[in-house]
Amino acid sequence: MAERGVLCFLFAVFFTWGSSLVHARRLGLPTTTVLDVSGSIQESLNVLSLSPRSEKMVFEQQKRRFPSSSSSLALSLHPRASLHKSSHKDYKSLVLARLERDSARVRSLSTRIDLAIEGITKSNLKPVEKELEAEALETPLISGASQGSGEYFSRVGIGNPPKHVYMVVDTGSDVNWVQCAPCADCYQQADPIFEPSLSSSYAPLTCETQQCKSLDVSECRNDSCLYEVSYGDGSYTVGEFATETITLDGSAPQNNVAIGCGHDNEGLFVGAAGLLGLGGGSLSFPSQINASSFSYCLVDRDSDSASTLEFNSQLPAYSVTAPFLRNNQLDTFYYLGMTGIGVGGKMLSIPGSSFEVDESGNGGIIIDSGTAVTRLKSEVYNSLRDSFVSGTQHLPSTSGVALFDTCYDLSSRSSVEVPTVSFHFPESKYLALPAKNYLIPVDSAGTFCFAFAPTTSQLSIIGNVQQQGTRVTYDLANSLVGFSPNGC
């Protein structure tokens, strides 16, 4: 009898183990992938010598991408490196500057959701004085434009006739804005300052309009709606809230889009004239044009190539999809229904609640175009890092750099094989990341670091380093986020 019990136990263990293997095999999870070390190092050397594209070059490229007969609502998307020549003397100083901006961005996003959960309202954030002065305002409205944290730009036509300017694109912001003349204080931008008096479609909004009431911070002066948006580093934009015509490449003009006309702006915005908000709130550009979807593909930030930002485009058939979730406390951010993370073809042993939003609005994981490095709760990050380290014992380790605690000296290698990292979603769907999206150079001498970081916040964030080379589609109509590898 005892022998039969032992046999039954062994059979059960074998069956469970065997079922797991079959399940993993059915998923087709790749266990390793190869990193092109030489290619990554060469790109780190090239980025410092890239020359900014001229307006004519950008215009010609956009004509090729979007011929006049095209009915697509789309525009070119450029990494910062292709438009703004780096002033850094070496690649490591460039990386450290990026990481510093990124940390400020993450703190800002976390603060914003914390304040929303605590019930901080617009009335709490308005200045005591009636004069709308930037230094008198305290607001949690934070975005990737902080210190130029917006790493991707698009060229957008403002007004009628349209004046084309570079705008930061940001899924972490709702309010669209552009620098306007006359300037009380404007920072330097690549294009002439927009002159609203020369646009026949410019129309100031009154204080009673829904657009004005939807602002986080607003003020009324002579029945004109004034707005203010401030950022994590003290940068800000203040001015008149209005409606204006927005023109994208090869498409019909979008009329009556609410946009901030900033007369008092300060910050390091790296030549951009303003910001195009792609968040989930009512004032974002996708919401105002009633887009059923939008998508982007982020090219390597160290390259001078470009991709597209598209609206109302179909979700590619080969996309890996995840549920797009809402947080009732804040509608700007795009939350993902995520079930786990895999390393080397095996799922990490982490709680199922690691990526869930609780009843108060805490927790969850968002996808963000302005954050660079993916942030995970400390316990999730530690499990991920330890699993990756156990699969890279063959690689020479070196000291950490900035927020990265796991780095390798690959100066003597031309390529290396590393465990595959994968994001997992409901219905056994997964996205396997290419090695260059999580093992990145931090100098030009061959130091590579594992590009994830822990956070003490309850909010986790999938950053743009992990999104590079993948078309990300926000299917707003069907509440899905789609990932299409090699979609640029």
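Scroll up for the structure.
Procedures and definitions
Residues numbered from 1 in each chain as written. Predicted model: local features only at pLDDT ≥ 70, side-chain atom pairs only at ≥ 80, totals over all residues. Heavy atoms only, no water. Helix = DSSP H or I, 4+ residues; strand = E, 2+ residues; numbered from the N terminus. Buried < 20%, exposed > 50% of the residue type's maximum accessible area, 1.4 Å probe, protein only. Contact = heavy atoms within 4.5 Å. Areas by Shrake-Rupley, 256 points an atom, 1.4 Å probe, with all protein chains shown as cover. Core = buried A, V, L, I, M, F, W, Y, C linked by side-chain atoms within 4.5 Å. Disulfide = S-S within 2.5 Å. Pairing = 2+ DSSP bridges. Polar contact = N/O pair within 3.5 Å; in protein donor to acceptor, adjacent residues only side chain to side chain. Phe/Tyr/Trp six-rings, centres within 6.5 Å; stacked < 30°, edge-to-face > 60°. Lys NZ or Arg CZ within 6 Å of the ring centre and 35° of its normal. Axes fitted to C-alpha atoms, helices over the stretch in contact; angles between N-to-C directions. Salt bridge = Lys/Arg side-chain N within 4 Å of Asp/Glu carboxyl O.

Student: Could you clarify how one ought to interpret the overall build of the protein in this entry?
Tutor: Each helix and strand counted, the protein has 10 helices and 30 strands in total. Looking at the protein as a whole, 56% of its 488 residues qualify as buried. In the protein, the share of contacts with a sequence separation of at least 24, taken over all contacts with a separation of at least 6, comes to 73%. In the structure as shown, the protein presents an accessible area of about 20500 Å², 52% of it carried by carbon and sulfur atoms.

Student: In this structure, what is going on with the nonpolar core? I would like to understand it.
Tutor: For soluble globular proteins, the rule of thumb is that nonpolar side chains tend to be buried together. Formed by 73 residues in total, the largest nonpolar core has its most connected members in F311, I341 and F452. Among the elements that make up this core, the one with the highest residue count is helix α9 (residues 378-390) (four residues). Not counting residues up to four positions away in its chain, the partners in contact with I341 are K346, M347, L348, I350, F355, L376, V380, L384, V421, S422, F423 and H424. Formed by 17 residues, the second largest nonpolar core is a distinct cluster that contains L99, A372, I440 and V442.

Student: Even after reading the chapter, I still don't get the state of the cysteines, so can you show me in this structure?
Tutor: A covalent bond bridging the sulfur atoms of two cysteines is what the word disulfide describes. Using the criterion set out here, one finds six disulfides in the structure. Paired through a disulfide, C183 and C186 show a sulfur-sulfur distance of 1.9 Å. Between C183 and C186, the disulfide has an S-S torsion of -80° and is therefore left-handed. Judged by its relative accessible area of 36%, C183 falls in the partly exposed class. Sequential numbering of the bridged cysteines in the protein gives the disulfide pattern 1-8, 2-3, 4-6, 5-7, 9-12, 10-11.

Student: Looking at this structure, I do not really get the pairing of strand β12 (residues 293-297). What am I missing?
Tutor: Regular strands place their side chains on alternate faces of the sheet. With five of five residues buried, β12 lies mostly within the body of the structure. What you see with β12 is no split at all: S293, S295 and C297 on one side and F294 and Y296 on the other are buried throughout. Pairing geometry for β12 and strand β29 (residues 470-475), over five bridges, is antiparallel. Across the sheet, residue S293 finds its bridge partner in β29, namely D475. Taken together, the three bridges between β12 and strand β13 (residues 307-311) define a ladder with antiparallel strand orientation. Along β13, the bridge assignment pairs S295 with E310.

Student: Teacher, can you tell me more about the side chain of T245 here?
Tutor: Within the secondary structure layout, T245 lies in strand β9 (residues 236-247). Of note is the side chain of T245, whose polar atom sits 3.3 Å from the side chain of N255. If we ignore the near neighbours within four places in the chain, the residues touching T245 are G157, I158, G159, S201, P253, Q254 and N255.

Student: How should I be thinking about the packing of aromatic side chains in this particular structure?
Tutor: What describes a pair of aromatic rings is the distance from one ring centre to the other and the angle between the planes of the rings. What the rule picks out here adds up to 15 aromatic pairs. Taking 5.3 Å as the distance between ring centres and 75° as the angle between the ring planes, the aromatic pair formed by F285 and F311 counts as edge-to-face. Highlighted residues: F285 in helix α8 (residues 285-288) and F311 in strand β13, separated in sequence by 26 residues. Classification of F285 by relative accessible area gives buried; the value is 0%. Both rings, one in F294 and one in Y474, keep their centres 4.5 Å apart while their planes meet at 10°; by these two values the pair is stacked. Here Y474 lies in strand β29 and F294 lies in strand β12, a separation of 180 residues in the sequence. In this structure, R155 packs its charged tip against the face of Y166, placed 4.4 Å from the ring centre.

Student: What exactly am I supposed to notice about the sheet that holds strand β24 (residues 429-432) here?
Tutor: Through backbone hydrogen bonds, the strands of a sheet pair up, either in parallel or in antiparallel fashion. In spatial order, the strands read β17-β16-β23-β24; together these four strands make up an open sheet with antiparallel pairing. Single-partner strands in this sheet number two, and they are β17 (346-347) and β24. In the sheet, strand β16 (residues 340-343) pairs with β17 via two bridges, with the strands oriented antiparallel. Following the sheet pairing, G342 is matched in β17 by M347. Together, β16 and β23 (421-425) form the strand contacts of α9, whose direction differs from that of β16 by roughly 15°.

Student: How should the pattern of salt bridges be read in this particular structure?
Tutor: Two side chains carrying opposite charge are able to pair once their charged atoms lie near each other. With the rule as written, the count across this model stands at 11 salt bridges. In this structure, D405 and R385 form a salt bridge, with 3.0 Å as the shortest nitrogen-oxygen distance. Here R385 lies in helix α9 and D405 lies in the loop between β20 (397-398) and β21 (407-409), a separation of 20 residues in the sequence. When salt bridges with common partners are traced through the structure, they connect R105, D170 and D368 into a single cluster.

As far as function goes, none of this settles anything; it's purely spatial.
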